[in-house]
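One letter stands for each residue in the lines below.
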Amino acid sequence: GRRALAALVVLAVAAAVLAPAVRQRRYLFSLSPAAAVRETFLYNPFPEAVEVAEIVAACSTPGDALAVLGSEPELYFYTGRRPATGHIYMYPLMERQPYAGRMQAEMIREIEASEPEILVQVNVAWSWLRQPDSDTSLLAWFQQYARGYDTVGMVEIRREGTDVYTDLAAQRRPKPPDQFWIAVLKRRP
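Scoring rules and cut-offs
- Along every chain, residues carry numbers that run from 1 in the direction the sequence is written.
- Totals for whole chains, interfaces and linings use every residue, but because this is a predicted model, local features are given only for residues with pLDDT of at least 70 and side-chain atom pairs only at 80 or more, for both listing and counting.
- The side-chain values count all of the structure's non-hydrogen atoms but skip hydrogen atoms and water molecules.
- We define the nonpolar core as a collection of buried residues of types Ala, Val, Leu, Ile, Met, Phe, Trp, Tyr and Cys that are connected through side-chain atoms lying within 4.5 Å of one another.
- Working definition: with a 1.4 Å probe on protein chains only, accessible area under 20% of the residue-type maximum means buried, over 50% means exposed, and in between means partly exposed.
- Only DSSP runs of H or I with at least four residues qualify as helices, and only runs of E with at least two residues qualify as strands; both kinds are numbered from the N terminus onward.
- What makes two residues a contact is simply this: any of their non-hydrogen atoms within 4.5 Å.
- Without a salt bridge and with relative accessible area above 30%, a residue can belong to a patch; like charges are then joined within 9 Å and nonpolar side chains (Val, Leu, Ile, Met, Phe, Trp, Tyr) within 5 Å.
- To measure how exposed things are, a 1.4 Å probe is used in the Shrake-Rupley method; for residues, cover is taken only from the protein chains shown.
- When a carboxyl oxygen of Asp or Glu is within 4 Å of a side-chain nitrogen of Lys or Arg, the pair counts as a salt bridge.
- Multiplying one less than the number of residues by 1.5 Å gives the expected span of a helix.

**Student:** So what's going on with the nonpolar core? Which residues, and what values?
**Tutor:** Core analysis: the biggest nonpolar cluster contains 23 residues, and L69, M107, I111, L119, L138 and W141 have the highest contact counts within it. Secondary structure elements with two or more residues in this core: β1 (65–69), α6 (91–94), α7 (100–114), α9 (137–145), β4 (149–158) and β6 (180–187). Once you skip the residues sitting within four places of it in the chain, M107 turns out to touch V68, L69, T85, H87, M90, L93 and L138. Within the second largest apolar cluster, 19 residues are counted, among which are V52, I118, V122 and I157.

Laid out in structure tokens, this is it:
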């Protein structure tokens, strides 16, 4: 009686633990961490954030301000740079809500006041969640503001991997890749 019941309980627990591991074996045992993240989160630039942070670190100092135009707050953590604005997510700035325009204007004022050494431009739809009727004042402002910066690095995001470009000093503003990318811009002296 008791031994059979104990064996049955052990067998049930083992099945409960092993069955999901068997079903997810490719994800757990075959994919690289970056490939697993890509499969789970599509083109969200989680693996690329580390590469972007390395570019930022190479062209700035820890006391420099950083403005990220995208929803990648992990870049402030990875780089150790202070945010040039309190707006670290773009989602509420793109939502259909009465404060979106005011929030964008506040972000613009904060960035202009802090004169960040580095700008990070994220061209990934999921980083913005822009809607057809979103206020795009921030995007129009950025196109003008970024003219005082040079692109020093770019990360292209593809399903099968990532390409990192850092030898961009000779080019003013290289043409970004067609689909998903992150650009690192440094303020001109």
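**Student:** Break down a nonpolar patch on the surface for me, with residues and values.
**Tutor:** A surface patch of nonpolar side chains, amounting to about 790 Å² of accessible area, comprises L5, L8, V9, L11, V13, V17, L18 and V22. Following the sequence through the fold, V22 ends up in helix α1 (residues 2–23).

**Student:** A description of the pattern of salt bridges should follow, citing residues and the corresponding values.
**Tutor:** If you walk through the whole model with that rule in mind, you get four salt bridges. For E117, the salt bridge identified is with K186, shortest N-O distance 2.6 Å. Here K186 lies in strand β6 and E117 lies in the loop between α7 and β3 (118–123), a separation of 69 residues in the sequence. Of the residues examined, K186 reaches a relative accessible area of 25% and is grouped as partly exposed. D150 is the partner of R188 in a salt bridge, and the nearest nitrogen-oxygen pair spans 2.9 Å. One end of the pair, R188, is in the segment after β6; the other, D150, is in strand β4, and 38 residues separate them in sequence.

**Student:** Account for α1, with residues named and values stated.
**Tutor:** Under the 1.5 Å per step criterion, the end-to-end length of α1 is 32 Å for 22 residues, consistent within 8% with the ideal 32 Å. Taken across its 22 residues, α1 has zero buried, putting it largely on the surface.

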